[in-house]
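A closer look at the structure
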Amino acid sequence: MTWTNPLTLLRHGWTRHRDVDRPVRTVVSNLPFEDLKKREQPNRRYEGNAIRTNKYRLWSFIPMNLFEQFHRMANVYFVGLAILNFVPVVNAFQPEVALIPICVILALTAVKDAWEDFRRYQTDQKLNNMPCFIFSRKQMCFVERRWKDVRVGDFVRVLSNQIIPADILLLHTSDPNGVSHIETANLDGETNLKQRKVVPGFSAPGEAFQPQAFDSAVVCENPNNNLNLFKGYLERSDKTRTGFGIDSLLLRGCTLRNTDDAAGIVVYAGHETKSMLNNSGPRYKRSKIERKMNTDVLFCVVLLFFMCLVGALGHAIWLETFTSMPSYVVPDTNGNYTPSVLAGFYMFFTMIILLQVMIPVSLYVSIELVKIGQIFFITHDLELYDEELDSRVQCRALNITEDLGQIQYVFSDKTGTLTENKMVFRRCSVMGTEYSHEENAARLTVVSGANEEEEVTIYQQTKLPPLFPLEELQDIHAGDKNRANTQAAAANRRRSKVAAGAQSDMAFSSPLETVVVPDRKLMQEAEGGRDGPYLDFFLALAICNTVLVSSSTAQRQRVKGRRNSSSPGGSFHEMQQWFRKSSVGRLFTSVRRGDALSDPFSIDEDRPASGREVKSAQRGSEELCYEAHSPDEAALVHAAKAYGFTLLERSPRHVTVKLPGEALLRFEVLDVLTFDPTRRRMSIIVRHPRTNQIVMYTKGADSAVMERLGSVFSDVTRADSEAKQLAVKTQKDLDMYARNGLRTLCFAKKVIGEQEFRAWSALRREALSAMEEREERLMETAAFLENGFTLLGATGIEDRLQESVPETIRALRRAGMKVWVLTGDKPETAVNIAYSCKLLEHQDLVFTFSTRRKSVCKARLEDTLGELRRSRLSPGEPVEPSVGLVIDGPTLSMAMSDELLEPFVELCKFCRAVLCCRVTPLQKSAVVELVRRKLGVMTLAVGDGANDVNMIRAADVGVGVSGQEGMQAVMASDFAITRFKHLQRLLLVHGHWCYSRLANMVVYFFYKNVAYVNLLFWYQFFCGFSATAMIDYWLMIFFNLFFTSAPPIMFGIMDKEVSDSTLLRLPELYKRGQHSEGYRRSTFWMAILDAFYQSLACFFIPYWTYGGSDVGIFAFGTPMNTASLFTIILHLAIEIKSWTAVHWVIMIGSVLVYFVVTLAYSAICISCNPPSDPYWIMQKQMADPVFYLVCILTTTVALLPRYTFHVLRGTLKPSLHLDARRLERLGPSYREQRIREWRGLRDTCVPPSVRSREHGSSPCPRA
C-alpha cells in the first residue's frame, strides 16, 4: 500500500482538509500568477507532482521500523519478557542474554525493510527527474523541466512516444481532427490504443495552441481511483459550460502514440493522479493455515500459563516445607526473606521468562522464508511458462500459497477464460434470411485442423499487396536455423496454428479472426442492394464500434519476426492445393472477376512491438491498421470488409467507409452512446451523406435490442406484419446460433427527426456538464432515444475453447472441487459451451431455472430440493445422480433474496456444477461471497476481464488470466496465469505441495518448541521450582536460533510427498488439503502429546543414568541437550517423504554445527555463568562412552512410538498418498496399469458427487 510521510501530512494537512470538504475541484491557469509566491497562488491547495513511496528517512528509520514491527504481537510479547528479565526479583538469567533472540529477529526484518525501501527510493528519484515540457509565460514557450516541477494548473506538452507526467485535460493536439491516442499498458496492462479527444469546442482544427490566452476555469471531481470515470466541465469567462469526460483526460503513466504532440492543463498531480491512487502494492491476505495457527498459538499461551502456574504453586509449597530458610535462599538487602506466597507470585513471572520459547517466535519468520521459497518454485516452473507469450505465472499475493491446496469451489468466467477470446465470424441473419457461410466454415475447418508450423493467411479480397515482402521471404530461408526450430517447436504446442497469445502482439490479428470468406448469396444481395437494408446492415457492422484506424506510417515501432518456411511437401503446401482446387478458391475469383488475385498465402511478419495492430485495408498507397478494444468488434469490422464495406477513417467528428463499388461514404458523427453493462448495447448517431437524415445504428445483446423494437410484439392488430415476422425469424436464428455455442449480437437502426435530435442533444449536453448524478442522467438520455428500432439482422460469432479446458475441468472435479461458470452469455450459448468443456455431462441430471416470477422460482426450488432429498434417501438407487444447475441472471437475483436464500444454498450443495447465465459483474461477486460465507468453503475465482475484478476480489484466492481484454483481472488477482489449463497444475501440484509442506512445518515447529521447553519444566520438579536451567543459556538460545532452524525451513520448501506426474494422474490426492487433513486440531494436539512424551524420555533417561553421581549441573544437562537435538532432527527425518542432497547436507550440517559450536563454546567460556561454568564440559562428555550410550538409548526410546505408529498405519490403513508413493516405485508400464485399475475401482464404487463430500474416504479396494 502506498505510504505517506507523516511530516507531509502535517505540512499539508490543513489545506488538504479544506480541499476534501469541497464537492468539486476548481483549477485555473498558473500563468497569470507565475511571479507570485507559492502560498499566494490559487492552486496552492493541490498536491505537487513529486512522488514519494518510500517509508523512511535516515533519521526516522529505526524508530519507525520498530514501531511497525511492534504491530506484531509476538514481537511485543518477547520484548516484554526481555524487559521483565531486567527486574531483579523475577529474572531467570542474564538480562542481556534474553535480548539476543528478539534483537536478531528485529534486525533481520529491519535489514529486509531497509533494502525494499531503498529500492522504492531509487524508483521515486528516477520518476521525479524525468524530463517534460512546461509552458513559461516569461519565455512564451514550452521549456524543459522535471516531472517533480509540474503543478496543478500548469500547461504541459507531451511529444509522441513520451510518457505522460500527470493527469492532463487535453486542450490541443497536432491531429487535425483533435484526437490523440494513448497506450495504457503501464496503467492497466492493455496494449490496445485508446482515443482521447480535445474538450469539445475548445479549439478549432489547425489553430495554434496559446496557453497564455486561456481564461477558463476547469471544474472537475475530486481525485479518485476510477480509471474509467472522469467528469467535469470547462467554464468560460461568459459563464458558458462545456462538459467533458474520461475521453478528454490524459492519464499519468500512459504513453502518447500516433500523435506528434498533445498539450493540456494539469488537473491532478503526484499522489492525487489516478495511477498513483491505484498503486496499492502487493496484496495481503491471511491464509487459512495462518488463521488456524494463531488459534494454536493461543493454546500454547494457555499451556504456558498452566506450566508457569504449576511452577509458582510448586515453589510456594516447596518453601513452606522448610521450618527455617535454607542457606541457599538469599534474603533481600534488609535481611528479610520473601514470604512464600509472594515468592511464588514472583516465580510465576520468572517461569514465563524461562519457558518463553513455548511461543514460537521464529515460526513467523520461518513461514515468510518458506513462502518465498515456494513462490520461487512456482514462478520458475517450466510447465507453467508460456513460451509464445514469454510469460510465466505471477504470484501477486505473497502469503497465501498454501490456500491453493485447499480450494473447494472454483468460479470461472467463460469468455477469455475458458475460451480463446478469438472471435471468428461464422454466420449472420439479414432481414430474416439466414446465411450459413458454408465456404467460410470449410476454411475454418482446414485452418483449425492443419498441423502447421506457421500461421497461414487467406485473403478474400483482391488487389492487396503481399504483406510479407519478397526480400523477407528470401531472408527467412537463410535465417537462423536455431531460432526457426525454436519457433516451430512452440508452434507445435498450439491447439491450432493460430497463436493464441492473450497478450500477444498479434492479438485480434490472426487469420482465424481477420479472414472471412463471403457467402455467395449474401454477396450478391450486398452488391445489388445499394440503398436497402443490406447496406444499412453492413454499415452498422463497419461503423457501430470503437475500432481505431491508423496508417502504417503512424504505427508504433514494429519489430521484425521470422518464421520457418515449411517444406513443399508439408501441410502448408497441401492447404495451398486445397485452396486452389476447392470452391473457396473459385469463389475468390468470382467475387472480383477481372482482377488479378494476389497471393493469398503472403505472410505478415511485421509484429507490433506493443498493441493490437492489424494490417487490414488500403487507402491509396497507405496500408491501414485496425485497433479494436474487443475481439467482437474486430471480427465484425473484418466481416464487413469481406463484403467490401471497408472502414477507412474514424475521428470524433467523421467516419469514412468504402463501399464495394469503390465509392466512399463520409458520415458526420453526431454522438456516440458507448456500451455499458446495464444497457448492454452501443449506438452511434450519424448524418447519412446520401439522404442527409440523422440515423442511429445500434448493436447489442438480443434482449437489449428486441425489447426496443417499438410495438412490433405488443400491437395485436399487426400480428402478421412484416416487422413482426422479421423479428420472429431473426429470433429463431438467434436461438439456433446460441444452441450452436455462438455469441449473438443484434443490429438495428432508427431514423431521428431534426427537431427530436436537437431537443435530445440539449438534454445530452446538460447531462454531460452535470457534476451530480451524471451517469444516471446520461443513462436516461440514452434510454430515451434508444427505442422504436428497425431490426436489421443478427450475427453469430464463435469463441473457441482454449486448449485442454475439458481435461482441466474434469481433473478439478475429480479432485473434489465444484466448478461454477458465471457468464453474461445467453443460456443456450452457455449451455453449449458447458457441455463442450465437460462442465456438464450428458448423463447429468440438469435443472434449469429461468423465470421472471418469484412465486414460480420458490415453487421450483422446493420441488427440486424435494426430489433431490428423496433420491438421496432412496435405498433402491445404487448410484446417486450427478446434479447440474443452469440459472439465468434475473432468476438468480430472486433466488438470492432473503426469502429464497436458504433453499438456494441447499440446492447448491447438491450440485457438482452450476452454470449462471446473463449475470452482471456485481452478481458474480455476490455469488462468490454467498457461497464463501454461507457454506464456509475455500473459494477460487478465475477471470480475464475488467468485469471479473469484483468476483476475483471476493474469493479467497483470485486468479487472473492475462487475456485479450487487458490486465485489470491480473492486477486485482493473487495469482496470474496465461492459460486456463495452467490452473490444473497450479492447484493439483503446487497447491498440494505448498499446503502439505507448510502444514507439516507448522505442526513440526510447535512440536519442536514444546519438546525442548519441557526439558526445563521437568527439571523444576527436582530444583524446588526455582527456575534453574541445567543447560547453558547461550546454548539454549543457539538451539532454536541456529541448530534446529534450517531443517524445518528446508522441509517447508523442498519436501515432496508425491511427484507432480502422480498428482496430475491422480487428482483425488488433492482432497487431503480440502478437508485440512494435514493440519487439524487433532494433528496439533497429537504433536503436543508426542512432544511431552519425547521430553520425558529425553529428561528421565539421562536423569536415571546420572542419578546419585557427582556430575555438575551442566554436565548433567549436556546429554539431555544432545539427545534432544538428535530426537528433534530424526523426528523430522521420519516425516520427510523425499530425500535429496540438500536434505542430507542440511540435516547432517545442523548436527555438525551443534558439535562445533558447543565444543568451541565449552573451550572458550571459562567464566560465563559463575559459579557453574560450561568450561570443557562438552569435551569431557564426548570422552565418556556413557554419553554416547545415553544419546543413542534416549533417541531410540523417544522416537520408537512415532516410528511404530507410522509402520502400523502404513501397513494396516495406508493413506492414499502412501498408495501413490508405492505406485511410483513400480515400472512405467505396470504403474500405468495399476493407476487405471485404481481409478476405475474408485469410479465404480463411489460416484463423483459422493466422493466430493466424503473427505476423500473410499470403500473401494486399494491398488
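Residues numbered from 1 in each chain as written. Predicted model: local features only at pLDDT ≥ 70, side-chain atom pairs only at ≥ 80, totals over all residues. Heavy atoms only, no water.

**As for the overall build of the chain**
When you go through the chain residue by residue, the secondary structure sums to 43 helices and 36 strands. Burial analysis of the chain (1263 residues in total) assigns 56% to the buried set. Looking at the chain alone, contacts between residues at least 24 apart form 76% of all its contacts between residues at least 6 apart. Approximately 53,200 Å² of the chain is accessible, and the part contributed by carbon and sulfur atoms is 57%. (Helix = DSSP H or I, 4+ residues; strand = E, 2+ residues; numbered from the N terminus. Buried < 20%, exposed > 50% of the residue type's maximum accessible area, 1.4 Å probe, protein only. Contact = heavy atoms within 4.5 Å. Areas by Shrake-Rupley, 256 points an atom, 1.4 Å probe, with all protein chains shown as cover.)

**What about the pattern of salt bridges?**
For the structure on display, the rule yields 53 salt bridges. A salt bridge links Glu775 to Lys231; the shortest N-O distance between them is 4.0 Å. Of this pair, Glu775 sits in helix α22 (residues 774–785) while Lys231 is found in the loop between β8 (217–221) and β9 (232–235), placing the two residues 544 residues apart along the sequence. Accessibility expressed as a relative area gives 12% for Lys231, which makes it buried. Glu402 is paired through a salt bridge with Lys371; the nearest N and O atoms lie 3.2 Å apart. With Glu402 in the loop between β14 (394–395) and β15 (409–412) and Lys371 in helix α9 (residues 361–379), this residue pair connects regions lying 31 residues apart in the sequence. Looking at Lys371, the relative accessible area reads 5%, which means it is buried. (Salt bridge = Lys/Arg side-chain N within 4 Å of Asp/Glu carboxyl O.)

**Quick notes on the packing of helix α36 (residues 1081–1106) against helix α40 (residues 1185–1212)**
Between α36 and α40, the least distance of the axes is 9 Å, while the angle of their chain directions is 155 degrees. The angle between α36 and α40 falls in the class roughly antiparallel. α40 is crossed by α36, and the crossing has right-handed handedness. Taken together, the residues of α40 that come into contact with α36 (itself represented by Asp1090, Tyr1093, Gln1094, Ala1097, Cys1098, Ile1101, Pro1102, Thr1105 and Tyr1106) are Val1186, Phe1187, Val1190, Leu1193, Thr1194, Val1197, Ala1198, Leu1199, Pro1201 and Arg1202. A breakdown of the residues in the contact of α36 with α40 according to their chemical character gives 14 nonpolar, 3 polar and 2 charged. (Axes fitted to C-alpha atoms, helices over the stretch in contact; angles between N-to-C directions. Parallel < 35°, antiparallel > 145°, perpendicular 65-115°, else oblique. Left-handed = near helix turned anticlockwise from the far one by under 90°. Nonpolar A, V, L, I, M, F, W, Y, C, P; charged D, E, K, R; others polar.)

**As for the packing of aromatic side chains**
Throughout the structure, instances matching the rule amount to 54 aromatic pairs. Three or more aromatic residues joined by ring pairs make a cluster, and in this case those are Tyr1019, Phe1022, Phe1099, Phe1100, Tyr1103, Trp1104 and Phe1116. Geometry around Phe849 places Arg860 over its ring, the cationic atom sitting 4.9 Å from the centre. (Phe/Tyr/Trp six-rings, centres within 6.5 Å; stacked < 30°, edge-to-face > 60°. Lys NZ or Arg CZ within 6 Å of the ring centre and 35° of its normal.)

**Here's the deal with the confidence of the model for the chain**
On average, residues of the chain score 80 in pLDDT, and 82% of them are at 70 or above. pLDDT under 50 marks residues 450–507. Its contacts with residues more than four places away, or in other chains, come to 152 contacts. Throughout residues 557–621 the model reports pLDDT below 50, and contacts reaching past four residues in sequence, or to other chains, amount to 184 contacts. (pLDDT = per-residue confidence, 0-100.)

**What to know about the pairing of strand β4 (residues 155–159)**
In the sheet, strand β2 (residues 131–136) pairs with β4 via 2 bridges, with the strands oriented antiparallel. Bridged to Phe133 within β4 is Arg157. As defined by bridge partners, β4 adjoins strand β13 (residues 261–268) across 5 bridges and the pair is classed as antiparallel. The residue bridging Val158 from the neighbouring strand is Ala262, located in β13. (Pairing = 2+ DSSP bridges.)

**Structural notes on the packing of helix α4 (residues 95–128) against α9**
Packing of α4 against α9 brings their axes to within 10 Å, and their N-to-C directions diverge by 25 degrees. Put simply, α4 runs roughly parallel to α9. Where α4 crosses over α9, the two elements pack in a sense that is left-handed. Contacts between α4 and α9 involve Ile102, Ile105 and Lys112 from the former and Val361, Ser362, Val365 and Glu368 from the latter. Partitioning the contact of α4 with α9 into residue classes produces 4 nonpolar, 1 polar and 2 charged.

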